[in-house]
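Observations on chain architecture
Spelled out, the chains give:
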Amino acid sequence: MSNEEQQIRGVRADDRTDRHDRAAARHDGRVLPDDDIRARVQQVAVRQQRFERHLARALEVDAAGLEAMDHLISTGPATPTELARRLEISTAAMTLVLNRLEAAGHVRRERHPSDGRKLVVTAAERSSDRAYDLVLPLIDGMEAIVDDLGPDERATVQAFLDRLIGVYDDAMG
């Protein structure tokens, strides 16, 4: 094997080790190097997923049910078809999600006020209040962090997040 091939293999092995170390740190909470922004972004994503699972467990719903409730709470009542489009699932699957949510008392289905052929789904007030109580510490914590940023820090963080959002959008085509 040539010197160049050995160097390339060494770099690839280093990359795999680096990825492995970062993945392990993400999952076991190991302290990350000061300059490892990428791993911190990954930690935020992992924590967001954990928080969503925590929220779903606390509300006793599955992931699709949590997403439907999030939509209903944040944007208001919707038809089952609108919810199915939002969740990118079939209307038949949405019916199953709504059946589970309704049985648990999280939503109610009523006739559309201007088109009696349609149904409108609304989040139950008790469930909305419970979800809000669970999410409020996260919202308050983020607001406190943002409030502590100076104008230059805000501009830097905002520019970074805008670019990160663009990367996600580009990756999804």
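First, a word on what this report is: a plain description of the structure on this page. What you see is a predicted model; the values in this text were computed from it and never measured. (Residues numbered from 1 in each chain as written. Predicted model: local features only at pLDDT ≥ 70, side-chain atom pairs only at ≥ 80, totals over all residues. Heavy atoms only, no water.)

**Concerning the pattern of salt bridges**
Quick note on the threshold: Counted as salt bridges are all cases of a side-chain nitrogen of Lys or Arg within 4 Å of a carboxyl oxygen of Asp or Glu. Burial status follows relative accessibility: with a 1.4 Å probe on protein chains alone, a residue under 20% of its type maximum counts as buried, one over 50% as exposed, and anything between as partly exposed.
On inspection of all chains with the given rule, the structure shows three salt bridges. We note a salt bridge from R109 to E102, for which the minimum N-O separation is 2.8 Å. For R109, a relative accessible area of 22% corresponds to the partly exposed category. In this structure, R108 and E110 form a salt bridge, with 3.0 Å as the shortest nitrogen-oxygen distance. In this structure R108 comes out as partly exposed when scored by relative accessible area, which is 38%.

**Things to note about the side chain of S127**
Formally: Per the convention used, a helix needs a DSSP run of H or I reaching at least four residues, while a strand needs a run of E reaching at least two, with both numbered from the N terminus. N or O atoms closer than or at 3.5 Å make up a polar contact, with two conditions inside protein: a donor-capable atom paired with an acceptor-capable one, and, for residues adjacent in sequence, both atoms drawn from side chains.
Relative to the helices and strands, S127 is located in helix α6 (residues 125-148). For S127, a relative accessible area of 2% gives the class buried. Separated by 2.6 Å, the side chains of S127 and H106 make a polar contact.

**What to know about the side chain of H71**
Rules: In this description, contact between two residues means that some pair of their heavy atoms is separated by no more than 4.5 Å.
Turning to its location among the elements, H71 is positioned in helix α3 (residues 63-75). A polar contact is formed between the side chain of H71 and the side chain of R86, at a distance of 3.1 Å. Apart from the residues lying within four places of it in its own chain, the contact partners of H71 are G76, A78, L83 and R86.

**Digging into helix α7 (residues 151-171)**
Residue pairs spaced three or four apart in an α-helix point in one direction, given the helix's 3.6 residues per turn. To be explicit about the condition: To estimate how far a helix should reach, multiply one less than its number of residues by 1.5 Å.
The end-to-end C-alpha distance of α7 is 30 Å, a good match for the 30 Å that 21 residues give at a rise of 1.5 Å each. Once α7 finishes, G173 follows within two positions and takes phi at roughly 80°, a positive value.

**Points about a nonpolar patch on the surface**
Threshold: Patch criteria: residues need more than 30% relative accessible area and no salt bridge. Like-charged residues are merged within 9 Å; nonpolar side chains of Val, Leu, Ile, Met, Phe, Trp and Tyr are merged within 5 Å. Using the Shrake-Rupley algorithm and a 1.4 Å probe, accessible areas are obtained, with residue cover drawn only from the displayed protein chains.
Taken together, the side chains of I37, V157, F160 and L161 present a nonpolar region at the surface, about 330 Å² in accessible area. At three residues, α7 tops the list of elements feeding residues into the nonpolar patch. Among the structural elements, I37 can be located in helix α2 (residues 37-59). For I37, a relative accessible area of 52% puts it in the exposed group.

**Notes on the environment of T75**
Tracing the chain through its elements places T75 in helix α3. At 2.6 Å, the side chain of T75 and the backbone oxygen of H71 are in polar contact.

Note that every value here comes from positions in space, so none of it alone points to a role or purpose.
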